[in-house]
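Overview (structure and organization)
Given next are the chains, with one letter for each unit.
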Amino acid sequence: MASNAIDQTRRMLSLVTYLRDRPGARVEEVARAFGITADELIADLDVLPMCGTSFRGGDLLEIDTDGEHIWWRNADDLAAPLRISADEAIALLVAARAVATLPGLREGDREALLRATAKLETAAGEAAGASARLSVTFESEGGVFADVDRAISERRRLWLRYYSPARDELTERVIDPIRLFAVGHTYVEAWCRRSEGRRTFRLDRVAEIRLLDEPADPPPVELRDLSEGLVQPAAEDPEVIVEVGPGGRWVAEYYPHDSAEELPDGGLRITLRTPDPASLRRLALRLGADGRITAPRELADSAREAAKRALAAYGE
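All residue numbers refer to position in the chain's written sequence, counted from 1. Where totals are concerned, whole chains, interfaces and linings use all residues; where local detail is concerned, this predicted model gives features only for residues with pLDDT of at least 70, and gives and counts side-chain atom pairs only at 80 or more. To get the side-chain values, all heavy atoms of the structure are used, and hydrogens and water are removed first.

We now examine the overall build of the protein. Note on conventions: DSSP H or I runs of at least 4 residues are helices, E runs of at least 2 residues are strands, and numbering of each starts at the N terminus. Helices and strands together make up the secondary structure of the protein, namely 11 helices and 12 strands. The rule is simple: take the accessible area with a 1.4 Å probe, protein chains only, and divide by the maximum for that residue type; under 20% is buried, over 50% is exposed, in between is partly exposed. Expressed as a percentage of its 316 residues, the buried residues of the protein come to 34%. What makes two residues a contact is simply this: any of their non-hydrogen atoms within 4.5 Å. Considering only intrachain contacts with a sequence separation of at least 6, the fraction spanning at least 24 residues in the protein is 54%.

What follows covers the pairing of strand β3 (residues 69-72). Burial of the side chains of β3 is restricted to one face: I70 and W72 are buried, whereas none of H69 and W71 on the reverse face is. Two strands pair if DSSP finds at least two bridges between them. By the bridge criterion, 3 bridges tie strand β2 (residues 63-65) to β3 in an arrangement that is antiparallel. Bridged to I63 within β3 is W72. Count of turn residues in the β2/β3 antiparallel hairpin: 3 residues, of which G67 carries a positive phi of about 95°.

Take helix α3 (residues 38-47) next. Along an α-helix, a turn takes 3.6 residues, which lines up residues three or four apart on a common side. Turning to α3, its buried residues are L41, D44 and L45. Angular distribution of buried residues about the axis of α3 spans 100°; they occupy a single face of the element. The outward face of α3, more than 90 degrees from its buried face, is lined by the exposed residues D39 and D46. Throughout, the arc means that of the directions going from the helix axis to the C-beta atoms.

Ranked by internal contacts, the top residues of the largest apolar core, which has 18 residues, are V251 and I293. When contributions to this core are tallied by element, the ones reaching two or more residues are β9 (239-244), α9 (250-254), β11 (268-273), α10 (281-287) and α11 (297-315). In contact with V251, other than residues within four places in its own chain, are V244, I270, L283 and L287. Among the nonpolar cores identified, the runner-up in size contains 16 residues, and Y18, L19, I36 and L45 belong to it. Nonpolar cores were defined as sets of buried Ala, Val, Leu, Ile, Met, Phe, Trp, Tyr and Cys residues, with membership established by side-chain atoms within 4.5 Å.

A word on a negative patch on the surface. The patches described consist of residues with a relative accessible area above 30% and no salt bridge, like charges being joined within 9 Å and nonpolar side chains (Val, Leu, Ile, Met, Phe, Trp, Tyr) within 5 Å. Residue burial considers only the protein chains on display, and all accessible areas are found by Shrake-Rupley using a 1.4 Å probe. Any carboxyl oxygen of Asp or Glu that lies within 4 Å of a side-chain nitrogen of Lys or Arg is treated as forming a salt bridge with it. Lys and Arg are tallied as positive, Asp and Glu as negative. Neither His nor the chain termini are counted. By convention, the charge on Lys lies at NZ, on Arg at CZ, on Asp at CG and on Glu at CD. A surface patch of like charges, here negative, comprises E28, E29, D66 and E68. As for its placement among the helices and strands, E29 is situated in helix α2 (residues 27-34). Exposure remark for E29: the relative accessible area of 42% places this residue in the partly exposed category.

Any aromatic ring pair is given by two values, namely how distant the centres are and how the planes are angled relative to each other. Centres within 6.5 Å make a pair out of two Phe, Tyr or Trp rings, where for Trp the six-membered ring is used; the pair is then stacked when the planes are under 30 degrees apart, edge-to-face when over 60, and tilted otherwise. Evaluation of the coordinates by the stated rule reveals 3 aromatic pairs. Here the aromatic rings of Y18 and F34 are separated by 5.3 Å at their centres, their planes lie at 75°, and the arrangement is edge-to-face. Here Y18, found in helix α1 (residues 2-20), pairs with F34, found in helix α2; they are 16 residues apart in sequence, far enough to count as distant. Its relative accessible area of 19% is what places Y18 among the buried residues. Residue classification places F34 among the partly exposed residues on the basis of a relative accessible area of 22%. Ring geometry for Y162 versus F201: centroids 5.0 Å apart, planes at 85°, classification edge-to-face. Residue Y162 is found in strand β4 (residues 156-164), and its partner F201 is found in strand β7 (residues 197-202); the two are separated by 39 residues along the sequence. Here the two residues Y162 and F201 agree in accessibility, since each one is buried.

Taken in spatial order, the 5 strands line up as β7-β6-β5-β4-β8 in an open sheet, and their pairing is antiparallel. Each edge of the open sheet carries a strand with a single partner, namely β7 and β8 (206-215). Geometrically, the sheet is characterised by an average inter-axis angle of 45° between neighbouring strands, direction not taken into account. Summarising the sheet, β4 and strand β5 (residues 169-183) pair through 7 bridges and their orientation is antiparallel. Bridge pairing links Y163 to L170 in β5. With axes taken as lines fitted to C-alpha atoms, and helix axes fitted only over the stretch in contact, angles between N-to-C directions fall between 0 and 180 degrees.

Our next topic: the packing of α2 against α3. Where α2 meets α3, the closest approach of the two axes is 9 Å, and the angle between their N-to-C directions is 95°. Judged on the interaxial angle alone, α3 and α2 are roughly perpendicular. Taking contact as the criterion, the partners of V27, V30 and A31 in α2 are, on α3, A38, L41 and I42. Here the term charged refers only to Asp, Glu, Lys and Arg, the term nonpolar to Ala, Val, Leu, Ile, Met, Phe, Trp, Tyr, Cys and Pro, and the term polar to all other amino acids, Gly among them. Per-class residue counts for the contact of α2 with α3 are 6 nonpolar, no polar and no charged. Here the angle decides the label: under 35 degrees means roughly parallel, over 145 means roughly antiparallel, 65 to 115 means roughly perpendicular, and every other value means oblique.

Have a look at this one:
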């Protein structure tokens, strides 16, 4: 099914150009040119009127057929050069200037952006003056992203202070970045020199970052397929249910899970799968009063016993 959708998309893109140059084209001839049936062509024509340069009136393709011929009513209008409003020009200029100030932006990219901004200012006229009175400041993740991207491009090592919600602490790390990727949040996959292993760091948890002069030299690693998520538990893995209070909601961000049901006290009932349920006893100890394992019963009982032993040892 996916290949059919891709083929249809490619075909319709070509169809737009074909019909623009052949007003009143016959359905049979067009279908023959594209190697499809007349019914398949009509189905494509039913979709095209929902496409255009925007969803505003007059910007959608006005293509119709009587079953024998095809007409594109507003082809000349849509072929005209794109014009943007003053508000759109201001938004583009403000965004372009803000991006140009990002630390770590490659110089070639910055220069290209500044040239494009200058051309847009000339075309925008009075709107350019209004845009100069506005400014945008990016949140910290934008600067972190730029530094990581630059480190990867220049093959340089990074120093960072990183917050771990599981341990509720900031740690200092020196990493050799491997790649940036996004799975819900933006992450950098890197070789961590502190743990001497491959680790994944979420950019919005980086409290401080510094580009080092040392070259990055991560050992060869096989990149994982992340199309199904950052961590991919198997369907046959045992199911575990954890109930957390408001202070333990971070568990739903930190651990991949099947579901997270809101509780009346502001907490969550989290259902997850793991090949080693016993490993979650440490999670229960970290949570303390902020959460507990409720199922399976054997794991819940062993977690409670582990907590009692920890309290007893602490009281000695």
